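Coordinate inspection notes
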Amino acid sequence: MAQPLPKGQMASMPKRIAPWPPVLRAFLWAGIGFVVLAAIAAWLDPSPNSPYLTAVGSVAGWFGALIGWLLGIGGYDYIVRPMMGYPTPRVRTSGWRRYYEYALDHKVIGLQYLGASTGTFLVAGLIAMAMRFQLMNYQPTLFHYPEDYLNAVGIHGTLMMFTVATVAMVGGLGNYFVPLMIGTRETMFPKASGISVWLVPIGVLTISMSPLLGQWSTGWRGYEPLAASDGSGLLYYYLGVFALTTSSLIVAINLTATILFKRTKGMTWNRLPLFAWGILTVSLLNIIWLPEIQATFILGMLDKVMPLNLFNVFGQPLGYEYLFWLFGHPEVYIVVIPALAIWNEILPVMGRKSLFARPIAVLGLVFVMLLSGMVWAHHMFTMMRFSEMLPFSFFTEMISIPTGFAYLAAIGTLWNSRLRITTPTLLVLMSMFNFLIGGLTGLFLADVPANLQLHNTFFVVGHFHYTIIGGMVFSWMAAMYYWLPKFSGRTYSEFWGKLGAIWVFIAFNATFLNFFILGLHGMNRWVSAYPKYLQPENFWTSIAAFFLGAGFGINIIHIVWAWIKGPKVKENPWDAKTLEWQTSSPPPAKNFDVLPEVVGSFYTYGDNVPDPVVIPSVQEQTPGL
Amino acid sequence: MGSVLVFGLLWVVISLLGEWGATTWINSAPDGTGPYFGTASNLGVIGAHAFDFLVWVAVPIFVFVVLMIIFAMIKFRAKRGEKVIDAPKQTRNNKVFVGSWILISILVNLLVWLHPNASGLEQVFAAQLPANNPNPLVVDVTARQWEWIFSYPQYNITQSLNANGQDTLYLPVDRPVKFVLRSYDPFHTYDTAIDVIHGFWIPAFGVKYDVIPGETRVIYITATKLISTEQNPMARVQCSEVCGPGHPYMEANLHVVTGLAFAKWAKQQASRS
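The present account deals with the structure reproduced in this document. Just so you know, these numbers come straight off a predicted model, no measurement behind them.

**Some details on the overall build of chain A**
What chain A contains, in helices and strands, is 20 helices and 2 strands. Here chain A has a C-alpha radius of gyration of 25 Å; the compact-globule value for 625 residues is 25 Å, and the two agree. Each principal axis of the C-alpha distribution contributes one length, and for chain A these read about 70 × 60 × 45 Å. Counting the 625 residues in chain A, one finds 64% classified as buried. Look at the contacts in chain A between residues 6 or more apart in sequence, and 81% of them connect residues 24 or more apart.

Structural data, given as structure tokens:
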């Protein structure tokens, strides 16, 4: 079913070119690109040790594969050929195939990001299950050598951070909902956005396949100087992260520009939805810090290939650690800011209550963004000189003040509300509970004397899983249930939704509360084998972890079922006021027939509050927009 | 207003109960240092006191938020099947609540930064001054992939080993120990080009410090309890920074013994090496 187009336009549009599915073509072209560039590298820089594939060749080949992949998926048809004067082919606008092709519609791109994130969440989650299976025994069982285990840890962390935690709610929900929420028909740079999403699969594949090049044992942080002498797979860790961060950078630029320039009439900064504020602050963080880590990773890669002696023992080993965490701590706020924004997006709707202290909630997001670049070295208290400990612990403590503003707004909104305890409400409240534990355990880690014991133990692992799974993943699930009627016009089963929520909540806490105790009992990180006295505790932690994995499976199956087969619901089942609910579900290709006009706050409830949205009659708007 | 009173009362009562529980938990440890477990050294005790104080700070905050979540789910719940109507009271701001929240959160954060953080650090720094560590036992700690090597230059021990030939750390109780953390040992050949960061951690001592290639760092620790790996597995030297495939196995046994027993052991070792 092609989208009907005006008659004159239809004639000038050529038929689609791709003779076979773009994904298959992209794989083929990527393979060709790899072989060609690796061959050139082998010819220019022959290695006496290796007949064909060298470190240089595998890097050059990767860039060849990247170019081939992006051209094959649509870059050639939609960007290169039009540049040479050929007409731009039509983009598929209906059917399931459009999700496996180059797309311009921000909703299709958003779902592509969501699909990639969810798939990677499953893969990296299965790796976590394998790790927990290993840790049921104090001796090697599943992973026969520690490097197998360490490589699994590294891939789990890298995929979860760069493909799930920083992508699902930004590239996924952000791309899908920000244009709808601010009342526009498209994003600012749809062409770049259509390409950027295809950097995710190649990034994920690069990281997943990296052990083929040589196992690496550094974990997701790639600490130097271990990285300098570690396996060559690290090259693909650097490059995979480079692809994924480039994707996130394009999303950030696109959504920032969209929010700045594409807001509908009347959408002032004071009326901008909280989720859009969250995405804006996250995107600014991404624009500031992603280039920094990309530069660091490129230097790390060159250091390994050349070597440049930047970060290995002949250079400044700690230099890499500082550069990594300079990005690495803002990264965790990139993860959690959309979650904090989602809480205060959902609670007013479910509580039929005006958002409490909205300016404070927004300021909280902005100040977290500003402070997040000043705390990084608290990851390195055991490495730094004494004089650095006081300032970094100071800023670390202080950042909990603006983070607390999200709680301030949420609690003020809950008070005296008429709270509908639906699955999204439940998940938001659970997320608040979990993130609270993540934050309070941060209090202990920010305390330097205690940190010198807790650092690099399972206490830290528990802490950041509480913030990332407990904060972000629970909020992501809340958002999925909340917006499910929007995605598909169908809804979920309240029974299965609540059961799934309670299931993951109990299993999650049973798993990760144990991590704190394990850490206090002397369980350190990155070990596949550990002293025997820790085995009983680890055993039960693993059992809980398997329940957690099953719980996520139940929720994913339920959401997919509801998406396809769930009962149909009315257009705005929650009676929400924000703009994404003022159009049909699922939204039409161009979002709004007539662009809505905002005349009031989306977050004000109560008697005699006028509707914040006015839909102008068709004549009032410029035709052809 | 009624809800505020009920909530406030519940918060105070449950917080007090929580504090009582936390105190009981902390005092339940044999030495009254709570769930921190790593208190067999002077530095560990500082960390443990910080940890315990933070437990007391965290309890009322935790109770406030969790109680609020539960309270809202019970008190402000819309009844099932009820018509969806807006909440009757639409408070969009409350200067007293917002103002006191911001003020209290700033004060609490300043407090925990000053105490136990800055005050604890002051003790840690003081404990690192050579003047405060008279007559220290010098232990050269060499970390390499994947072995801890301990040498005692004052006792002419180049590498302390147990009967099985494993590296082992013997320390006298209540005597300051000057650990010289380094990644190169003149008595053992080692390719410095592949050197990596290790973490010198004794869980029972409640403290760790990293060994950085190319740097020599000094940390003073005084062991305060007679412990050994055999009776308490927390008493071990463990690498705490991922250092490659051998990382999980980079550990060594620890014995904290009396001064007399240490002198005897040192004499024995010196005669061997």
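Further notes follow.
**Remarks on the side chain of Ser160(B)**
Residues and elements named next belong to chain B. The residue Ser160 is located in the loop between β2 (147-151) and β3 (168-172) in this model. Residue Ser160 is classed as buried on the basis of its relative accessible area, which comes to 0%. Polar side-chain contacts of Ser160 include one of 2.3 Å to the backbone oxygen of Thr168. Once you skip the residues sitting within four places of it in the chain, Ser160 turns out to touch Phe150, Tyr152, Gln166, Asp167, Thr168, Leu169, Trp265 and Gln269.

**Comments concerning the environment of Ala193(B)**
Position of Ala193(B) relative to the elements: it lies in the loop between β4 (176-182) and β5 (198-202). With 77 residues separating them in the primary sequence, Ala193(B) and Pro116(B) have C-alpha atoms 41 Å apart. If we ignore the near neighbours within four places in the chain, the residues touching Ala193(B) are Val313(A) and Phe314(A).

**Quick notes on the interface of chain A and chain B**
You'll often see interface size given as the accessible area lost when the parts meet. Between chain A and chain B, the contact holds 87 residues from the first and 91 residues from the second. Here chain A and chain B share 2 salt bridges between them. Joining chain A to chain B, the criterion identifies 30 residue pairs in polar contact (both at pLDDT 80 or more). Considering every element that reaches the side of chain A that touches chain B, the biggest residue donor is helix α16 (residues 423-446) of chain A, with 10 residues. Of the residues in the side of chain A that touches chain B, the class split is 53 nonpolar, 21 polar and 13 charged.

**Looking at the sheet that holds strand β6 (residues 207-211) of chain B**
All names here are of chain B. Strands sit in the order β3-β9-β8-β5-β6 across an open sheet of 5 strands; the sheet is mixed. The open sheet has two free edges, formed respectively by β3 and β6, since each of these has just one partner strand. Looking at each pair of strands side by side, their axes are set apart by 25° on average, direction ignored. Two elements, β5 and β6, share 5 bridges in a ladder whose sense is antiparallel. Each residue of the ladder has a partner; that of Trp201, found in β6, is Lys208.

**Description of the packing of aromatic side chains**
Under the defined criterion, the tally for this structure stands at 74 aromatic pairs over all chains. Ring geometry for Phe143(A) and Tyr149(A): centres 5.6 Å apart, planes at 80°, overall edge-to-face. According to the relative accessible area criterion, Phe143(A) is buried, its value standing at 12%. Between Phe539(A) and Trp540(A), the aromatic rings sit 5.2 Å apart at their centres with planes inclined by 90°, giving edge-to-face as the arrangement. Residue Trp540(A) is classed as exposed on the basis of its relative accessible area of 55%. Aromatic rings pair up to connect Phe162(A), Trp216(A), Trp220(A), Tyr237(A), Tyr238(A), Phe297(A), Phe311(A), Tyr320(A), Phe324(A), Trp325(A) and Phe327(A) into one cluster. Seen from the ring of Trp201(B), Lys208(B) lies directly overhead, with NZ or CZ sitting 4.4 Å from the centre.

**Brief notes about the pattern of salt bridges**
Scanning the entire structure with this criterion turns up 13 salt bridges over all chains. The closest approach of N and O atoms between Asp105(A) and Lys107(A), which form a salt bridge, is 3.2 Å. For Lys107(A), a relative accessible area of 5% puts it in the buried group. Its salt-bridge partner being Glu186(A), residue Lys262(A) comes within 3.5 Å of it at the nearest N-O pair. On the criterion of sequence distance, the pair formed by Lys262(A) in the loop between α10 (233-261) and α11 (274-305) and Glu186(A) in the loop between α6 (168-182) and α7 (190-196) is long-range, its members being 76 residues apart. For Lys262(A), a relative accessible area of 23% puts it in the partly exposed group. With a relative accessible area of 33%, Glu186(A) lands in the partly exposed category. Look at the salt bridges and you will find they share partners, linking Asp140(B), Arg182(B) and Asp185(B) into a network.

**As for empty space enclosed by the protein**
All names here are of chain A. Applying the stated rule across the entire model yields 6 cavities of 30 Å³ or more. When its volume is computed, the largest cavity comes out at roughly 50 Å³. Surrounding the largest cavity, Phe162, Thr166, Leu244, Thr245, Ser248, Asn286, Leu290, Glu331 and Ile334 form its lining. Put simply, the parts of the chain that give the lining of the largest cavity at least two residues each are α10, α11 and α12 (317-351). Among the elements that line the lining of the largest cavity, the one with the most residues is α10, at 3 residues. Each residue belonging to the lining of the largest cavity can be placed in one class, and the counts come to 4 nonpolar, 4 polar and 1 charged.

**Overview of the packing of helix α2 (residues 42-75) of chain B against helix α3 (residues 95-127) of chain B**
Residue and element names in this part refer to chain B. The geometry of α2 relative to α3 is characterised by a closest axis approach of 9 Å and an angle of 170° between their N-to-C directions. On the basis of the axis angle, α2 is roughly antiparallel to α3. In this structure, α2 uses Asn42, Leu43, Ile46, Ala50, Phe53, Leu54, Val57, Ile61 and Phe64 to contact α3, whose residues at the interface are Phe97, Trp101, Val108, Leu111, Val112, His115, Pro116, Gly120, Gln123, Val124 and Ala127. Broken down by class, the residue content of the contact of α2 with α3 amounts to 16 nonpolar, 4 polar and no charged.

What counts and what doesn't
- Residues numbered from 1 in each chain as written.
- Chains lettered and ligands numbered in written order.
- Predicted model: local features only at pLDDT ≥ 70, side-chain atom pairs only at ≥ 80, totals over all residues.
- Heavy atoms only, no water.
- Helix = DSSP H or I, 4+ residues; strand = E, 2+ residues; numbered from the N terminus.
- Rg over C-alpha atoms; globule rule 2.2 N^0.38 Å.
- Buried < 20%, exposed > 50% of the residue type's maximum accessible area, 1.4 Å probe, protein only.
- Contact = heavy atoms within 4.5 Å.
- Polar contact = N/O pair within 3.5 Å; in protein donor to acceptor, adjacent residues only side chain to side chain.
- Salt bridge = Lys/Arg side-chain N within 4 Å of Asp/Glu carboxyl O.
- Nonpolar A, V, L, I, M, F, W, Y, C, P; charged D, E, K, R; others polar.
- Pairing = 2+ DSSP bridges.
- Axes fitted to C-alpha atoms, helices over the stretch in contact; angles between N-to-C directions.
- Phe/Tyr/Trp six-rings, centres within 6.5 Å; stacked < 30°, edge-to-face > 60°.
- Lys NZ or Arg CZ within 6 Å of the ring centre and 35° of its normal.
- 1 Å grid on protein atoms, 1.4 Å probe; cavity = no way out; pocket = protein on both sides within 12 Å on 5 of 7 lines; lining within 4 Å.
- Points joined across faces, edges and corners; volume = space filled by probe spheres on them.
- Parallel < 35°, antiparallel > 145°, perpendicular 65-115°, else oblique.

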